[in-house]
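# Architecture at a glance
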Amino acid sequence: MTAVLIEAGVKVAVFLVLLLTVVAYMVWVERKVSAAMQDRPGPNRVGPMGLLQPLADGLKFLFKEDIVPANAHKPLYLLAPVLTLAAALAGFAVIPFGSSIEIGGRNISLAIADVNMGILYVLALGSLNVYGLMIAGWASGSKYSLMGGLRAGAQVISYELSMGVSLIGVLMVTGSLRLSEVVQLQAGGFWHWNLVTQPIAGLVFFVACFAETNRLPFDLPEAESELVAGYHTEYSSMKFAMFFMAEYAHMVTVSALMAALFLGGWHLPFFDLQQAGWSVTAIGLTHMAVFAAKIAFLLVLFVWVRWTLPRFRYDQLMDLGWKVLFPLALANLVYVGIGIAMGLPWLGGFTR
Amino acid sequence: MSLEALPLEMIVFVVTAVVAVVAALLVVLHRNPVVNAVALIVNLACLAVFFLLLRAPFLAAVQVIVYAGAIMVLFLFVIMLLDLKAELHPPRAGAFQRVMAVFAGAAFLSLMVLAMRRSRSTFAMKEVADAGHGTVERVAEEMFRNHLVSFELASVLLLVAMVGALVIARAFAETPDPQEPSA
């Protein structure tokens, strides 16, 4: 019992430190990539290549004056950033980073909690995530914030549905809600990856991820050209930093999900490591590196899209969600259903 | 709850129970409708934790996705959109309403006491948990094998309700709204 608790505690600590470091450096990556795309140097003053910039940013946030607006509803105003960051970080708990490693004869799985409800857990957290933004928007007592909060609510309702329905196809093929089993079934080359066998589901899920993380082209809750800064207009200092961190943490979480659900998780595209005859730990560590590479690719893709596409208008966003993505997700469901009934080999999944 | 339950689960249960009761009181007693809605979300999330303690992870997840997630987002959305300032100073209840409230409260309390006394004195949480009624497999078996017809009938009922809602909305949309931009 205690050994289990210690193992879980250590894993939580390690993954949390890793996640927060990635979050800090994602801000640096975002600034560097945007700078490269706009033909300017980007941050280059603090440390070599501006690598210490996240540290400087963090210190600056800490020393900024913390303002609570006179019109704010104080308890909810304070609750909102905590809720947002907590929901963004908690999604990380079920993500399987690799198969397993062995330390001192103990087989340690490389997920904090590989629960048998993984997919549902992620969807549940996604549905709770929006409350932070909505509460922040209302509790700030400002009309810009309120508009941002309302848009966040409407947007998430529209895109959550497509996201959930696009995952049903994966669930039908896998026959399990456990994320590590979803990854296991994609072993043996990229033609087993869910993105290849169900390209529509992968596309719908990825687009919905942009809406869930409020990234451009779906950043209407923030929309700085019309709403000042949307739901976090009235936030300053560390409270603003928490919203900021939550956005990047959320990006890392959905990238990890996308990698696990559709891009074969920790598997290499051309070679099955299980046949290499390596030790469990060597395979586990390689798996982790492969998974990290896939997450890094998706994160850069997120940044790339942000600095390439303009923001959708509000009615375009709703049209895309309800009239394009949702029917596509349903079509994928029909395709997978018929495919399994007809015994298409690439949709064999757990009956294979 | 029986004493042989793990102490860790007992701690989780007690903490969640306290939060659930406080949140429930806030839902009823607080004057601000947004606080009411947020407290209801907290309360529903606590229920999900209780389902987890009863080894019903599927119910817990569905509780959060459907109730705490989808339904409450709509509640909160409408409350925020209406911005109910007037509700902060609601009219005081009349004498008849107060008497009836006490009466109804007493009736419900006695019903609860009766129900609890009729059931076994020690709530056998472990037995419920070990039966494993709350896993996806068990729920799926009940829904798609043992009660398939009633499940499908319920889905038809929901479809009819949805079509009905659309028809009613259409009837209002017949008269063109000058505020509405043509799509």
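Residues numbered from 1 in each chain as written. Chains lettered and ligands numbered in written order. Predicted model: local features only at pLDDT ≥ 70, side-chain atom pairs only at ≥ 80, totals over all residues.

Secondary structure assignment for chain B yields seven helices and zero strands. Listed by position from the N terminus, the elements making up chain B come as α-α-α-α-α-α-α. For chain B, the proportion of its 183 residues judged to be buried stands at 15%. (Helix = DSSP H or I, 4+ residues; strand = E, 2+ residues; numbered from the N terminus. Buried ≥ 20, exposed ≤ 12 C-beta atoms within 10 Å, placed from the backbone.)

All right, on to the overall build of chain A then. Of regular secondary structure, chain A possesses 12 helices and two strands. Mapped in sequence order, the helices and strands of chain A form the string α-α-α-β-β-α-α-α-α-α-α-α-α-α. For a compact globule of 352 residues, the expected C-alpha radius of gyration is about 20 Å, and chain A comes in at 21 Å, within 12% of that figure. Out of the 352 residues belonging to chain A, those deemed buried represent 45%. (Rg over C-alpha atoms; globule rule 2.2 N^0.38 Å.)

This part is about the nonpolar core. Counting 122 residues, the largest nonpolar core has F205(A), M258(A) and A61(B) as its most contacted members. Each residue touching A61(B), except ones within four places of it in the same chain, is listed here: M117(A), L120(A), Y121(A) and A124(A). (Core = buried A, V, L, I, M, F, W, Y, C linked by C-beta atoms within 7 Å. Contact = placed C-beta atoms within 7 Å.)

Contacts between the two partners involve 18 residues from chain B, matched on the other side by 23 residues from chain A. Elements that contribute at least two residues to the side of chain B that touches chain A include exactly α2 (33-53) and α3 (57-82) of chain B. Per-element accounting of the side of chain B that touches chain A gives the leading share, 13 residues, to α3(B). Classifying every residue of the side of chain B that touches chain A by side-chain character gives 17 nonpolar, one polar and no charged. (Nonpolar A, V, L, I, M, F, W, Y, C, P; charged D, E, K, R; others polar.)

As a further point, take the environment of R45(A). Position of R45(A) relative to the elements: it lies in the loop between α1 (2-37) and α2 (53-63). With 201 residues separating them in the primary sequence, R45(A) and A246(A) have C-alpha atoms 26 Å apart.

All names here are of chain B. Model confidence for chain B is summarised by a mean pLDDT of 80, while 78% of its residues fall at 70 or above. Within chain B, helix α4 (residues 95-118) carries the highest mean pLDDT (89), whereas helix α5 (residues 125-131) carries the lowest (64). The model gives residues 1-5 a pLDDT under 50, and that stretch makes 12 contacts with residues more than four places away or in other chains. Here the complex is predicted with pTM 0.81, and the ipTM for its interfaces comes to 0.80. (pLDDT = per-residue confidence, 0-100.)

Right, let's get into the packing of α1(A) against helix α11 (residues 280-306) of chain A. Residues and elements named next belong to chain A. At a minimum axis distance of 10 Å, the contact between α1 and α11 shows a crossing angle of 45°. Between α1 and α11, the interaxial angle falls into the category oblique. Classified by chirality, the crossing of α11 by α1 is right-handed. Along its contact with α1, which presents M26, V29, E30 and V33, the element α11 presents L299, V300, V303 and W304. Class assignment of the residues belonging to the contact of α1 with α11 gives a composition of seven nonpolar, no polar and one charged. (Axes fitted to C-alpha atoms, helices over the stretch in contact; angles between N-to-C directions. Parallel < 35°, antiparallel > 145°, perpendicular 65-115°, else oblique. Left-handed = near helix turned anticlockwise from the far one by under 90°.)

Below, the discussion takes up helix α5 (residues 143-174) of chain A. All names here are of chain A. Here α5 spans 46 Å end to end across 32 residues, near enough to the 46 Å set by a 1.5 Å rise per residue. The element α5 is largely enclosed, with a buried count of 24 among its 32 residues. Following α5 by one or two positions, G175 adopts a phi angle in the positive range, close to 75°. (Expected span 1.5 Å × (residues − 1).)

The next subject is the environment of L40(B). All names here are of chain B. Residue placement: L40 occurs in helix α2. Sequence spacing of L40 and L25 is 15 residues, and the spatial spacing of their C-alpha atoms is 9.6 Å. The residues contacting L40, other than those within four sequence positions of it, are V27 and M72.

For the rest of this paragraph, the subject is unusual backbone geometry. All names here are of chain A. The phi torsion at M49 lies on the positive side, around 55°, for a residue other than glycine. Among the secondary structure elements, M49 is positioned in the loop between α1 and α2. Given 13 C-beta atoms within a 10 Å radius, M49 is considered partly exposed. Here N214, not a glycine, exhibits a phi torsion of approximately 55°, which is positive. By the secondary structure assignment, N214 is in the loop between α8 (199-212) and α9 (224-227).

Moving on, we come to the environment of G321(A). Residue and element names in this part refer to chain A. With respect to the helices and strands, G321 occurs in helix α12 (residues 314-342). In this structure, the C-alpha to C-alpha distance between G321 and F15, residues 306 residues apart in sequence, is 33 Å. In contact with G321, not counting residues within four places along its chain, are S158, Y159, S162 and F326.

It is worth spelling out α1(A) at this point. All names here are of chain A. Its 36 residues give α1 an end-to-end C-alpha distance of 51 Å, which sits within 8% of 52 Å, the value for a rise of 1.5 Å per residue. Along α1, the positions that sit buried rather than exposed are L19, V23, M26, W28 and K32. Looking at the buried positions of α1, the neighbouring elements they touch are α2, α3 (74-90), α10 (237-262) and α11. Remark: D39 follows α1 within two positions and exhibits a positive phi of approximately 60°.

So, about the packing of α5(A) against α8(A). Residues and elements named next belong to chain A. Interaxial distance between α5 and α8 falls to 9 Å at its minimum, and their mutual angle equals 150°. One element, α5, and the other, α8, form an angle in the roughly antiparallel class. For the pair α5 and α8, the crossing hand works out as left-handed. Within the contact between the two elements, α5 uses Q155, V156, Y159, S162, M163, S166, L167, G169 and V170 and α8 uses A201, V204, F205, A208, A211 and E212. In the contact of α5 with α8, the residues fall into 10 nonpolar, four polar and one charged.

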